[in-house]
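# Coordinates in review
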Amino acid sequence: MDDQLGWYRRMPPEHRSWIGLVAQAGIAAFTEWYRHPDTAQAISTDVFGTAPRELTRAITLRQTVELIRTTIEVMEEAIEEVAAPGDEADMRESVLVYAREIAFATAQVYAQAAEARGAWDARLEALVVNSLLSGDADEGVLSRAAALGWGQPSQVRVVMGSAPDGDSELVVEAIRRAARYAKLNVLTGVLGKRLVVVVGGEKEPVHAARALIGQFAPGPVVVGPTVPDLLSATRSAHAAAAGLRACAAWPDAPRPVLADDLLPERALAGDQAARRQLVEEIYTPLDEAGSALLETLSVYLEQASSLEGAARMLFVHPNTVRYRLRRVTDVTGYAPSDVRSAFTLRIALALGRLGAVGEPG
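Source: prediction; values computed, not measured.

Criteria and thresholds
Residues numbered from 1 in each chain as written. Predicted model: local features only at pLDDT ≥ 70, side-chain atom pairs only at ≥ 80, totals over all residues. Heavy atoms only, no water. Phe/Tyr/Trp six-rings, centres within 6.5 Å; stacked < 30°, edge-to-face > 60°. Buried < 20%, exposed > 50% of the residue type's maximum accessible area, 1.4 Å probe, protein only. Helix = DSSP H or I, 4+ residues; strand = E, 2+ residues; numbered from the N terminus. Lys NZ or Arg CZ within 6 Å of the ring centre and 35° of its normal. Pairing = 2+ DSSP bridges. Contact = heavy atoms within 4.5 Å. Axes fitted to C-alpha atoms, helices over the stretch in contact; angles between N-to-C directions. pLDDT = per-residue confidence, 0-100. Salt bridge = Lys/Arg side-chain N within 4 Å of Asp/Glu carboxyl O. Core = buried A, V, L, I, M, F, W, Y, C linked by side-chain atoms within 4.5 Å. Arc of directions from axis to C-beta. Polar contact = N/O pair within 3.5 Å; in protein donor to acceptor, adjacent residues only side chain to side chain.

### Overview of the packing of aromatic side chains
All told, the structure shown has 2 aromatic pairs when counted by the stated rule. On the basis of an interplanar angle of 80° and a centroid distance of 6.5 Å, the ring pair of tryptophan 7 and tyrosine 8 is categorised as edge-to-face. A relative accessible area of 12% places tryptophan 7 in the buried class. Residues phenylalanine 30 and tyrosine 98 carry aromatic rings whose centres are separated by 5.4 Å and whose planes lie at 65° to one another, so their mutual orientation is edge-to-face. Taken together, the positions of phenylalanine 30 in helix H2 (residues 13–35) and tyrosine 98 in helix H6 (residues 88–134) put the pair 68 residues apart, joining distant regions of the chain. Here phenylalanine 30 matches tyrosine 98 in class, with each residue buried. We note arginine 340 situated over the ring of tryptophan 250; from NZ or CZ to the ring centre the distance is 3.5 Å.

Have a look at this one:
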């Protein structure tokens, strides 16, 4: 092995020692089996039981196959020396049969190790997702996420919806397959009746969510705001959770829907973060832009979005109203002529006037 396998030469002495013990155990087990072929042999225990479990992490399945091949080749070369006269063919055939059993035993050992790692990774992943939802994210979350293969995407958001019925492990695996196909980093878990997916990638938020939406149960799917890193995903998770609770107030919401598109419903449901965002992003900029914009917007909304009605109430020309409403759109990003935007603007005006930010919902 030292002559033929370069990666074996580069291994630390401790691992080479364990590999030597495994090879010796394999040969010893073959000798015992050859002497007593009718005796049942637990090959996986006899051969691989001599090595610690950590060895399956240090040596890949491909490397293990190379080790077994090398050991079998050495055994075959030694048959002429160790077999009794006339037993060479029988021993060679026995080596082939034993090699087959060793191959099955190797597959079993690595399958068991993979299952154990999968179960552990699933628990670790659920712990990371739960920490983000509960607001307990710290540097430990980053190390655990890195152990799960999470990279360092520059855009992170949380997607949340109802979990489908059935085995949660199958749901999680389906999310992972969809994410691999879409070239997205994901951390996911089923928490109660909710399916939560932390998504990392450069794709536009709604497009990223659409790549995974087929794995959610029927009903609303909410995409939290984009944040720069995993630790900041707590904010995205809180917004997505609040949006999921408030979705009942907007039955015609698209699927998926951005949590920021649900700001008025979230505010009415008592979400303080949504109330602050509405006031800070709509009311305050309008107030700072001058009282004319606030007054014009308020009158326009009260007059059922009528330019002429608002102009009469304000004693100005309709073109003046039209100009001011365009300024409202420029300042806030919401067009007063759009029904949905008008609803959001109305809620923001009410909150700003009431000074309700920070008050109990």
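### Considerations on the sheet that holds strand S5 (residues 257–258)
Across the sheet, which stays open at both edges, the 5 strands sit in the order S2-S3-S1-S4-S5 with mixed pairing between neighbours. Looking at the sheet topology across the chains shown, the edges are occupied by strand S2 (185–191) and S5. Bridge count for strand S1 (residues 156–162) against strand S4 (residues 221–223) is 3 bridges, and the pairing is antiparallel. When the sheet's bridge partners are listed, methionine 160 is paired in S4 with valine 222. Strand contacts of helix H10 (residues 233–246): S1, strand S3 (194–200) and S4, with the helix running at about 30° to S1, the strand carrying the most contacts.

### Concerning the pairing of S1
Counting buried residues in S1 gives 6 out of 7 residues, a clear majority hidden from the surface. Of the pairings in the sheet, the one linking S1 to S3 comprises 7 bridges and is antiparallel in character. For arginine 157, the partnering residue across the bridge sits in S3 and is valine 199.

### A few points about the confidence of the model for the protein
A low pLDDT means the predicted coordinates there should not be read in detail. For the protein, per-residue confidence averages 84 on the pLDDT scale, and 88% of positions sit at 70 or higher. Predicted confidence in the protein is weakest over helix H3 (residues 43–48), with a mean pLDDT of 55, and strongest over helix H11 (residues 263–268), with 96.

### Some points on the pattern of salt bridges
Counted under the stated rule, the structure contains 7 salt bridges. Arginine 266 serves as the salt-bridge partner of aspartate 271, at 2.9 Å between the closest nitrogen and oxygen. On the basis of relative accessibility, which here comes to 16%, the residue aspartate 271 falls in the buried class. Residue arginine 266 is classed as buried on the basis of its relative accessible area, which comes to 3%. Residues joined in a network through salt bridges with shared partners are Glu125, Glu173, Arg176 and Arg180.

### Structural notes on the nonpolar core
A general trend in soluble globular proteins is that nonpolar side chains are found buried together. Residues Val158, Met160, Leu187, Val198, Val222, Leu230 and Ala233 are the most contacted members of the largest nonpolar core, which totals 29 residues. If you list the elements that add at least two residues to this core, you get H6, helix H7 (139–147), S1, S2, S3 and H10. With 6 residues, H10 is the single largest residue contributor to this core. When residues no more than four places from it in sequence are discounted, the contact partners of leucine 187 are Glu125, Val128, Val129, Ala145, Leu148, Trp150, Val196, Val197, Val198 and Leu230. Within the second largest apolar cluster, 28 residues are counted, among which are Leu293, Leu297, Ala310 and Leu325.

### Remarks on helix H9 (residues 205–212)
Every α-helix carries 3.6 residues per turn, so stepping three or four residues along brings you back to the same face. Taken residue by residue, H9 has Pro205, Val206, Ala208, Ala209 and Leu212 as its buried positions. All buried residues of H9 lie within an arc of 160° about the axis, which places them on one face of the element. Summarising the contacts, the buried residues of H9 are in contact with S1, helix H8 (168–182), S2, S3, S4 and S5. Of the residues flanking the start of H9, the one acting as N-cap is glutamate 204, its side-chain oxygen 3.1 Å from the backbone nitrogen of valine 206.

### As for the pairing of S3
Of all 7 residues in S3, 6 are buried, a share of seventy percent or more. Relative to S3, S2 runs antiparallel, the two sharing 7 bridges. Within the sheet, the bridge partner assigned to leucine 187 lies in S3 and is valine 198. Count of turn residues in the S2/S3 antiparallel hairpin: 2 residues, of which glycine 192 carries a positive phi of about 65°.

### A short note on the side chain of arginine 157
Tracing the backbone through its elements, the reader meets arginine 157 in strand S1. In terms of polar contacts, arginine 157 uses its side chain to reach the side chain of glutamine 155, at 3.1 Å. Those residues within four positions of arginine 157 in sequence are excluded, and the remaining contacts are Val197, Val198, Val199, Gly201, Lys203, Pro205, Ala208, Val223, Gly224, Pro225, Thr226 and Ser236.

### Let's talk about the environment of valine 197
Inspection of the secondary structure puts valine 197 in strand S3. The buried category is assigned to valine 197, whose relative accessible area is 0%. Sequence-distant contacts of valine 197, that is, excluding residues within four places in its chain, are made with Arg157, Val158, Val159, Ile175, Val186, Leu187, Thr188, Leu212 and Phe216.

### Overview of unusual backbone geometry
In this structure, proline 256 follows arginine 255 across a cis peptide bond, with omega equal to 5°. Looking at where proline 256 falls in the secondary structure, it is placed in the loop between H10 and S5. A positive phi angle is found at lysine 183, which is not glycine, with a value near 60°. Checked against the element boundaries, lysine 183 lands in the loop between H8 and S2.

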